[in-house]
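Descriptive analysis of the structure
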Amino acid sequence: MGKKFLERVFTKKEIEYCESKKAQKYQHYAARFAAKEATFKAISWKLKDKYEISWKNIEVENDKQGRPNINLIGVDLENIEDIDISISHCKNYAVAYVTVLSK
Ligand SMILES: CC(C)(COP(=O)(O)OP(=O)(O)OC[C@H]1O[C@@H](n2cnc3c(N)ncnc32)[C@H](O)[C@@H]1OP(=O)(O)O)[C@@H](O)C(=O)NCCC(=O)NCCS
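Presented here is a report on the structure given in the accompanying data block. (Residues numbered from 1 in each chain as written. Predicted model: local features only at pLDDT ≥ 70, side-chain atom pairs only at ≥ 80, totals over all residues.)

**Regarding the pairing of strand E3 (residues 80-90)**
Threshold: Two strands pair under a simple rule: DSSP has to find at least two bridges between them. Runs of H or I in DSSP of at least four residues are treated as helices and runs of E of at least two as strands, each being numbered from the N terminus.
The pairing of E3 with strand E4 (residues 93-102) spans 10 bridges and is antiparallel. Across the sheet, residue Ile80 finds its bridge partner in E4, namely Ser102.

**Structural notes on the site of the ligand**
Our working definition: Residues are classed as near a molecule or strand if the C-beta position derived from their backbone is within 6 Å of it.
Neighbouring the ligand are the residues His28, Ala31, Asn62, Gln65, Gly66, Arg67, Pro68, Ile87, Ser88, His89 and Cys90. Broken down by element, the shell around the ligand gets its largest block of residues, four residues, from E3.

**Considerations on the pairing of strand E2 (residues 68-72)**
Here five bridges tie strand E1 (residues 58-62) to E2, and the two strands are oriented antiparallel to one another. Bridge pairing in E2 links Asn62 to Pro68.

**Considering unusual backbone geometry**
Going by this rule: Residue burial is a threshold on neighbouring C-beta atoms within 10 Å of the residue's own C-beta, all placed from the backbone, with 20 or more meaning buried, 12 or fewer meaning exposed, and counts in between meaning partly exposed.
Phi at Lys22 is positive, roughly 50 degrees, even though this residue is not glycine. Its location among the elements puts Lys22 in the loop between helix H2 (12-19) and helix H3 (25-43). With phi around 65 degrees, Asn79 is a residue other than glycine that occupies positive phi space. One can find Asn79 in the loop between E2 and E3. Taking the number of C-beta atoms within 10 Å as the measure of exposure, Asn79 has 8 and is therefore exposed.

**Overview of the nonpolar core**
Basically, it comes down to this: Linking buried Ala, Val, Leu, Ile, Met, Phe, Trp, Tyr and Cys residues through C-beta atoms within 7 Å yields a set, and such a set is a nonpolar core. Here, residues touch in the contact sense if the C-beta positions derived from the backbone fall within 7 Å of one another.
Core analysis: the biggest nonpolar cluster contains 14 residues, and Ala31, Ala34, Ala35, Ala38, Ala96 and Val98 have the highest contact counts within it. Listing elements by their share of this core, those giving two or more residues are H3, E1, E3 and E4. Here this core takes five residues from H3, the largest share from any one element. Discounting residues that sit within four places of it in the chain, Ala34 has contacts with Ala94, Val95 and Ala96.

**Description of the packing of H2 against H3**
Here is the rule: Between N-to-C directions, angles span 0 to 180 degrees; the directions come from axes that are lines fitted to C-alpha atoms, helices contributing only their stretch in contact. For this classification, the nonpolar set comprises Ala, Val, Leu, Ile, Met, Phe, Trp, Tyr, Cys and Pro, the charged set comprises Asp, Glu, Lys and Arg, and every other residue, Gly included, is treated as polar.
One can describe the packing of H2 onto H3 by two numbers: an axis separation of 8 Å at closest approach and a directional angle of 145 degrees. Taking contact as the criterion, the partners of Glu14, Tyr17, Cys18 and Glu19 in H2 are, on H3, Lys25, His28, Tyr29 and Arg32. Taken together, the residues of the contact of H2 with H3 break down into three nonpolar, one polar and four charged.

What follows is the structure, given as structure tokens:
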């Protein structure tokens, strides 16, 4: 993956996290790509225009236990109470499942 593409799609924190995984880094990048798409789809009904948000407005951040969380950066969506995410990856496959809890 080219640097330009990475910096267009992934935040600084995401790049640091994935690069720290060395040989498996592409699985982690792929999972974050899937997570961004899944989050977009789950919140899109709240958007007036689908181009209102871009890749880096959605960030995956892992806590100390490794548990992933979604940060919405620079996006202020009303009535979203919680976003739950589950990620899994193996060899050439990555999957992310996102659930949005709304009032
Ligand atoms: C967390 C764990 C289940 C991940 O499973 P895995 O087979 O290693 O890897 P998977 O591809 O399925 O999942 C990897 C993703 O799990 C997520 N993950 C890691 N730790 C997590 C945690 N504590 N809670 C929720 N999700 C977690 C991460 O998003 C990770 O991907 P990322 O590093 O790119 O963000 C495993 O590493 C682990 O700690 N197992 C010990 C606990 C266990 O298995 N108990 C059995 C009870 S059923």
